[in-house]
Amino acid sequence: MKKDVTIVGAGLVGSLLSIYLSKRGHRVKIYEGRNDMRKGKALGGRSINLALSDRGLLALEKVGLAEEIRNISIPMHGRYIHHVDGSTAFQPYGKEGQYINSVSRATLNMKLMDLAEAQGVSIQFHSRCTGVDWQKNNVTFEISNTESLVSHFELLFAADGAFSAARLQHQLQHPKFNYQQYYIDCGYKELTIPPSVSGDFAMEVNALHIWPRKDYMLIALPNLDKTFTCTLFFPFEGAASFSKLTTPEAVKAFFEETFPDAVALMPDYINEFFNNPTSSLVTVKCHPWIREDKFALIGDAAHAIVPFFGQGMNCGFEDCRVLDELIDTYQDDWSQILDAYQTLRKPDGDAIADLAINNFTEMREKTADPVFLLQKKIEARLHEKYPDRWIPAYSQVTFSPNIRYSEALRRGLRQEAIMQEVMKMDNIAEQWQDESLLQKIVEQV
Ligand SMILES: Cc1cc2nc3c(=O)[nH]c(=O)nc-3n(C[C@H](O)[C@H](O)[C@H](O)COP(=O)(O)OP(=O)(O)OC[C@H]3O[C@@H](n4cnc5c(N)ncnc54)[C@H](O)[C@@H]3O)c2cc1C
């Protein structure tokens, strides 16, 4: 039976979900709080570009969009590390031919909205969800300061992001709703590296650039217009923190000392530092995600995570794909579909949240550490020699959509414990290529 489905939020996940559901013949309406970004700049918003990897691509492939999005993406084959002394190093992400993709958030969102509308989805903008009546199955949207509308739903999805209003309505009236929200002590600010004088990319284009500095880091992802969007992940408080960089002189002195090669490429960074917002980074875990056969949280509304594994959107896209597969399994029984969706996805949402927090330490501290780099080299060799028995944690998350996040976390922890012992061995730097040693390591998994 085809349903009247209401989705709150026409962000990346709400738009993709609407395509999946309308392809199955459901009548889908999205209500979006902001204006239509295709008709001018939408207010607010997050990172300018994102890393799209295999899980996200698989979900896009199922609706025929993967190729089109690949065409507007820039492959990034590894991390390009910038040390403070000006030296650089390249660390591949996986095996040859494996890469992640830098894509514009706005372009991707607009394409998804175009395709949704072409599929018959209706998107109503300037409609901010303010209330849900669970007895009458009505949802209220504020259209302006004086005007609101009430819409009836058969099935409601909250895809309205980390600070979901629809989740709040669910939470307020659910007697046993568990909710956990955790802000890390770092925020972020975006800066720009423009094209070089000759009009080309100012740095290696096919890489994700990182300036790891222990308590903080700068990263940069390429854009199609030959700029890079840089993001400074930086403590709010402390000796080196946003709270200390309050004058142009302080910003200049700090950047020149800490990121000298980046400064040379960012002519406007001081203005940008003061004009661009400083934003915070939150993890949200909650339960339950669903209400009978009528309601589900999806995307960041269900599992907001920090961006250090580049997986928030990928995970939200995977939610849509898994839900679609469950529709096949349980046909039109939405009680079973939503129940199975929550059972499968909640542990995976929790797992990627934890993996993402852990990866912050890896990116800002360890990518410059020679012991860690040797460990990664050994793991890459193990993967090459035993491709099914040893898959580095990063590859499991990024290049193996058939491995669940919860499984990647479990296996990753086991492998890390083994590697911690291996790295304590005398002369490991000399003997790590020994075949019998590699064999012994893999046998412990
Ligand atoms: C700095 C940064 C970098 C990131 N980098 C990556 C990356 O490289 N790779 C990756 O996979 N993920 C990344 N992410 C995570 C990614 O941005 C999110 O996971 C993704 O945007 C989630 O999509 P969503 O549709 O669930 O939520 P959102 O993108 O937040 O969309 C929610 C939508 O709902 C609308 N809305 C909100 N409230 C209401 C309301 N009350 N009524 C109606 N509409 C409403 C909003 O306007 C918005 O359009 C990054 C995040 C940050 C902050």
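Because the structure is predicted, anything quoted here is derived from the model rather than measured. (Residues numbered from 1 in each chain as written. Predicted model: local features only at pLDDT ≥ 70, side-chain atom pairs only at ≥ 80, totals over all residues.)

A.B. asks: Could you give me a rundown of the sheet that holds strand 19 (residues 295-297), with the residues and numbers involved?
C.D. replies: Read across the open sheet, the six strands follow the order 8-2-1-12-19-18; overall the sheet is mixed. With one partner strand each, in any of the chains shown, strand 8 (122-124) and strand 18 (290-291) form the two edges of the open sheet. Here four bridges tie strand 1 (residues 4-8) to strand 12 (residues 155-158), and the two strands are oriented parallel to one another. What sits directly across from V5, in strand 12, is L155. Sitting on the sheet, helix 1 (residues 12-23) is in contact with strand 1, strand 2 (27-31) and strand 12, with an inclination near 170° to strand 2. (Pairing = 2+ DSSP bridges. Helix = DSSP H or I, 4+ residues; strand = E, 2+ residues; numbered from the N terminus. Contact = placed C-beta atoms within 7 Å. Axes fitted to C-alpha atoms, helices over the stretch in contact; angles between N-to-C directions.)

A.B. asks: Describe the nonpolar core, and please don't skip the residues or the numbers.
C.D. replies: Among the nonpolar cores identified, the biggest contains 106 residues, and L16, L17 and I298 are the most heavily contacted of them. With 10 residues, the single largest contributor to this core is helix 11 (residues 334-364). Once you skip the residues sitting within four places of it in the chain, I298 turns out to touch V13, L17, F157, A158, A159, G316 and D319. I378, L382, W390 and I391 belong to the second largest nonpolar core, which has five residues in total. (Core = buried A, V, L, I, M, F, W, Y, C linked by C-beta atoms within 7 Å. Buried ≥ 20, exposed ≤ 12 C-beta atoms within 10 Å, placed from the backbone.)

A.B. asks: Pulling in residues and values, what's your account of the sheet that holds strand 11 (residues 148-152)?
C.D. replies: Reading across from one edge, 9-10-11 is the order of the three strands in this open sheet, with antiparallel pairing throughout. Edge positions in the sheet fall to strand 9 (128-133) and strand 11, since each of these pairs with one other strand and no more. Pairs of neighbouring strands in the sheet enclose a mean axial angle of 25°, with direction left out of account. As defined by bridge partners, strand 10 (residues 138-142) adjoins strand 11 across five bridges and the pair is classed as antiparallel.

A.B. asks: So what about the site of the ligand? Which residues, and what values?
C.D. replies: Around the ligand, the surrounding shell holds 32 residues, and the nearest of these are G9, G11, G161, G299 and G312. When contributions to the shell around the ligand are tallied by element, the ones reaching two or more residues are helix 1, strand 3 (49-52), strand 9 and helix 10 (312-330). It is helix 10 that contributes the most residues to the shell around the ligand, four residues altogether. A class-by-class count of the residues in the shell around the ligand yields 13 nonpolar, 13 polar and six charged. (Near = placed C-beta within 6 Å. Nonpolar A, V, L, I, M, F, W, Y, C, P; charged D, E, K, R; others polar.)

A.B. asks: Lay out helix 12 (residues 370-385) with the relevant residues and their values.
C.D. replies: Between its first and last C-alpha atoms helix 12 spans 23 Å; for 16 residues at 1.5 Å apiece the expected length is 22 Å, and the two agree. Of the positions making up helix 12, those classed as buried are Q375, I378, E379 and L382. Around the axis of helix 12, the buried residues are gathered within 100° of arc, so they sit on the same side. Turned more than 90 degrees away from the buried face of helix 12, the exposed residues are P370 and E384. Next to the buried residues of helix 12 lie helix 14 (405-423) and helix 16 (435-443). (Expected span 1.5 Å × (residues − 1). Arc of directions from axis to C-beta.)

A.B. asks: So what's going on with the pairing of strand 12? Residues and values would help.
C.D. replies: Burial of the side chains of strand 12 extends over both faces: L155 and F157 are buried on one face and L156 and A158 on the other. Where strand 12 and strand 19 come together, three bridges link them in parallel fashion. Note on strand 19: the bridge partner recorded for F157 is A296.

A.B. asks: Describe helix 14, listing the residues and the values that go with them.
C.D. replies: The first and last C-alpha atoms of helix 14 sit 26 Å apart over 19 residues, in line with the 27 Å expected at 1.5 Å per residue. Burial in helix 14 covers these residues: Y405, A408, L409, G412 and Q415. Across the axial projection of helix 14, the buried residues extend over an arc of 140°, all falling on one side. For helix 14, the exposed residues set more than 90 degrees away from the buried face come down to A417 and E421. Summarising the contacts, the buried residues of helix 14 are in contact with helix 11 and helix 13 (393-399).

A.B. asks: Provide a residue-level description of the domain arrangement of the protein chain, including the pertinent values.
C.D. replies: By domain assignment, the protein chain separates into domain 1 (4-79 + 102-181 + 283-359), domain 2 (183-280) and domain 3 (369-443). The C-alpha centroid of domain 3 is placed 32 Å from the C-alpha centroid of domain 2. (Domains from an automatic or database assignment.)

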